[in-house]
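Working through the structure, step by step
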Amino acid sequence: MFEKFPRLFLFYENSLNSSATSSRTPSQSTTTITDSSLQSSDTQGSYDGIFEDHPGLNPSSERIVELQSDIREKLEELLINKSPDAAMVAAEALHGESDNIPFMEFILNDLNTNGVESESYKDALAALVKMVPSPLEQFEIIPFFPMKIGDLYFSFTNPSLFMLLTLSLVLLLLYFVTKKGGGNSVPNAWQSLVELIYDFVLNLVNEQISGLSGNVKQKFFPCILVTFTFSLFRNPQGMIPYSFTVTSHFLITLGLSFSIFIGITIVGFQRNGLPFLSFLLPAGVPLPLAPFLVLLELIPHCFRALSSGIRLFANMMAGHSSVKILSGSAWTMLCMNDLFYFIGDLGPLFIVLALTGPELGVAISQAHVSTISICIYLNDAINLHQSDSFL
Amino acid sequence: MKKRSVSRIPPLFMLESAKLIGAGAATIASAGAAVGIGNVFSSLIHSVARNPSLAKQSFGYAILGFALTEAIALFAPMMAFLILFVF
């Protein structure tokens, strides 16, 4: 659809010129028309020298338009993972406002022969980076050691690196705390931190899961403790500048919540046998209503698997993006070399600082919330319909 | 060549404006979250005023309710960011 446009318009322009010729001097009318239409559509960039050009009278202009659209098409081909407008922006940046035919032919040639290796392609990429600063860039997954096992993409990427980092951090902490056969009876700061976390999750499990003796309940404790500790350490680590937030990826949070959901279903069947399926029907419901109620209960039950993943993902992504956007605006204002902006910069800077606090709070409270919801789901699966939980 | 700029920008221009409108509309959802968070804390104050001895326990529940509501609140900016920067 796009490649049709330039020619169509040229055509239109020519006919416009010819109609203008009958009434007035052609060159004058063309300039005024393009003038006004340019002002209405010129969004960004400078169209220097555009007023000197008279397309209707210029025999080479069709060739220029053709070349420009060829460059854009070629870039669209090369920039597969980018959108068409990104390719257009890149093409615009490459040929600029030049009407130099050999120059554009050179670019096109370069793109055609050298493809991704060409200088022009690199220039286009650089222009894209400069022109489309996205706050979602920080979530990009970069493979460090590309690996493939069969058809399986098995690379060591930055999420893997940061997950390993978290894991080793927590394990080191636990190792040093329990080094001499279980630590000291009077704990130091690190040991009390670990004890605090342990105690917190222990209380959570004891409170939320009811109807079982302490020993049986504690079977689930290690799994819940690991889940809690992982997100507790993982989420705030994403707040460190230039680090990577693993839990801001839907794939990872969804993998976590789905595996927990499947595990809880297995536990439910193990504890209750086939009567576990009675969770689909509240007690004391008249039989004719049963088909509807089973459906109604099944949907929220399955949605639990999605909801805890989405909640964590959305919180991490939205929070990090907003911090990034605000700090970007603060940095831009600081770099404007203008006293007014320099003073005004304190505003965004303060908002960034103020936002970092709640962001850390969200990171920690999300770990808490997801752990509580896991406990509640587990409780529902173990004690059918006798839960007194408030969620 | 001026033709190009005249003829090609409008569709993208419309798309860009539609994106901005969509992102703006997505943030309307924050109103609901504001009501929810206000509700959580007003209920906390009510219940503590009626039974101060349960203050500590209700505060824990209130923080949990706040975190859950706030999680939903963050869906709104998330949608806005997705509309603006992904598509």
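Parameters and conventions
Residues numbered from 1 in each chain as written. Chains lettered and ligands numbered in written order. Predicted model: local features only at pLDDT ≥ 70, side-chain atom pairs only at ≥ 80, totals over all residues. Helix = DSSP H or I, 4+ residues; strand = E, 2+ residues; numbered from the N terminus. Buried ≥ 20, exposed ≤ 12 C-beta atoms within 10 Å, placed from the backbone. Contact = placed C-beta atoms within 7 Å. Core = buried A, V, L, I, M, F, W, Y, C linked by C-beta atoms within 7 Å. UniProt positions renumbered as here; feature names shortened; annotations may be inferred. pLDDT = per-residue confidence, 0-100. Expected span 1.5 Å × (residues − 1). Axes fitted to C-alpha atoms, helices over the stretch in contact; angles between N-to-C directions. Parallel < 35°, antiparallel > 145°, perpendicular 65-115°, else oblique. Nonpolar A, V, L, I, M, F, W, Y, C, P; charged D, E, K, R; others polar.

1. Section: the overall build of chain A
- A count of helices and strands for chain A gives 14 helices and 4 strands.
- Within chain A, buried positions represent 25% of all 391 residues.
- Contacts spanning at least 24 positions in sequence make up 62% of the contacts within chain A whose residues lie at least 6 apart.

2. Things to note about the overall build of chain B
- When helices and strands are counted, chain B shows 4 helices and 0 strands.
- Of the regular secondary structure in chain B, the N- to C-terminal order runs α-α-α-α.
- The burial tally for chain B puts 23% of its 87 residues in the buried class.
- Of the contacts formed within chain B by residues at least 6 apart in sequence, a portion of 76% connects residues at least 24 apart.

3. Describing the nonpolar core
- Membership of the largest hydrophobic core comes to 35 residues, with the highest contact counts inside it found for Ile224, Ala314, Cys375 and Leu378 of chain A.
- Elements supplying a minimum of two residues to this core: α8 (189-208), α10 (221-237), α11 (250-272), α12 (290-334) and α14 (346-382) of chain A together with α3 (55-73) and α4 (75-86) of chain B.
- Looking at this core, the element that brings in the most residues is α14 of chain A, giving 9 residues.
- Residues in contact with Cys375 of chain A, not counting those within four places in the same chain, are Leu204, Val205, Gln208, Ile209 and Ile224 of chain A.
- Core analysis: the next-biggest nonpolar cluster, separate from the first, contains 10 residues, Ile64, Met104, Ile107 and Tyr121 of chain A among them.

4. A word on the UniProt feature "transmembrane region" (unreviewed entry) in chain A
Residues and elements named next belong to chain A.
- The UniProt record marks residues 152-177, 248-270, 276-300 and 339-356 with the feature "transmembrane region" (unreviewed entry), using the residue numbering of this structure.
- Counting secondary structure, residues 152-177 comes out at 77% helix and 15% strand; the distance between its end C-alpha atoms is 39 Å.
- Secondary structure across residues 276-300 divides into 44% helix and 0% strand, with the first and last C-alpha atoms of the span separated by 16 Å.

5. A short note on the confidence of the model for chain A
- This prediction gives chain A a mean pLDDT of 75; 72% of its residues lie at or above 70.
- Throughout residues 1-52 of chain A the model reports pLDDT below 50, and contacts reaching past four residues in sequence, or to other chains, amount to 58 contacts.

6. With respect to the confidence of the model for chain B
Residue and element names in this part refer to chain B.
- Looking at chain B as a whole, its pLDDT mean stands at 84, while 87% of the residues score no less than 70.
- Across residues 1-5, where pLDDT falls below 50, the model places 24 contacts with residues more than four positions away in sequence or in other chains.
- Interface scoring of the predicted complex returns ipTM 0.71; its pTM is 0.66.

7. A short note on the environment of Val48 of chain B
Residues and elements named next belong to chain B.
- As for its placement among the helices and strands, Val48 is situated in helix α2 (residues 30-50).
- By C-beta crowding, Val48 is classed as partly exposed, having 16 other C-beta atoms within 10 Å.
- Remark: the alpha-carbon pair of Val48 and Phe59, spanning 11 residues in sequence, is separated by 8.7 Å.
- Every residue in contact with Val48, bar those within four places of it in the chain, is listed here: Ala55 and Ser58.

8. Re α11 of chain A
Residue and element names in this part refer to chain A.
- In a regular helix each residue adds 1.5 Å, so 23 residues correspond to 33 Å; α11 covers 32 Å between its end C-alpha atoms and thus fits that length.
- Among all positions of α11, only Thr253, Leu256, Ser257, Ile260, Phe261, Ile264 and Gly268 are buried.
- Of the surrounding elements, those touching the buried residues of α11 are α12 and α14.

9. Quick word on the packing of α2 of chain B against α3 of chain B
Residues and elements named next belong to chain B.
- Contact geometry for α2 and α3: axes closest at 9 Å, N-to-C directions at 175°. The orientation of α2 relative to α3 falls into the category roughly antiparallel. On the side of α2, the interface is formed by Ser30, Ala33, Gly36, Ile37, Val40, Phe41, Leu44, Ser47 and Val48, while α3 contributes Ala55, Ser58, Phe59, Ala62, Gly65, Phe66, Thr69, Glu70, Ile72 and Ala73.
- Taken together, the residues of the contact of α2 with α3 sort by class into 12 nonpolar, 6 polar and 1 charged.

10. What about the environment of Val40 of chain B?
Residue and element names in this part refer to chain B.
- Following the sequence through the fold, Val40 ends up in helix α2.
- Look at Val40 and you get partly exposed, because 19 C-beta atoms sit within 10 Å.
- With sequence-adjacent residues up to four places away left out, Val40 is seen in contact with Ala62, Gly65, Phe66 and Thr69.

11. Thoughts on the environment of Val177 of chain A
Residues and elements named next belong to chain A.
- When you line up the elements, Val177 lands in helix α7 (residues 158-177).
- Overall, the presence of 19 C-beta atoms within 10 Å leaves Val177 in the partly exposed class.
- The spatial distance from the C-alpha of Val177 to the C-alpha of Leu193 is 9.5 Å, given a sequence separation of 16 residues.
- For Val177, the contacting residues outside a window of four places in its chain are Gly183, Trp190, Gln191 and Val194.

12. Focus: the packing of α14 of chain A against α3 of chain B
- At a minimum axis separation of 10 Å, α14 of chain A and α3 of chain B run at an interaxial angle of 105°. Judged by the inter-axis angle, α14 of chain A sits roughly perpendicular to α3 of chain B. Judged by residue contacts, Val362, Ser365, Gln366, His368, Val369 and Ile372 of chain A of α14 of chain A engage Leu64, Ala67, Leu68, Glu70 and Ala71 of chain B from α3 of chain B.
- For the contact of α14 of chain A with α3 of chain B, the class distribution of residues is 7 nonpolar, 3 polar and 1 charged.

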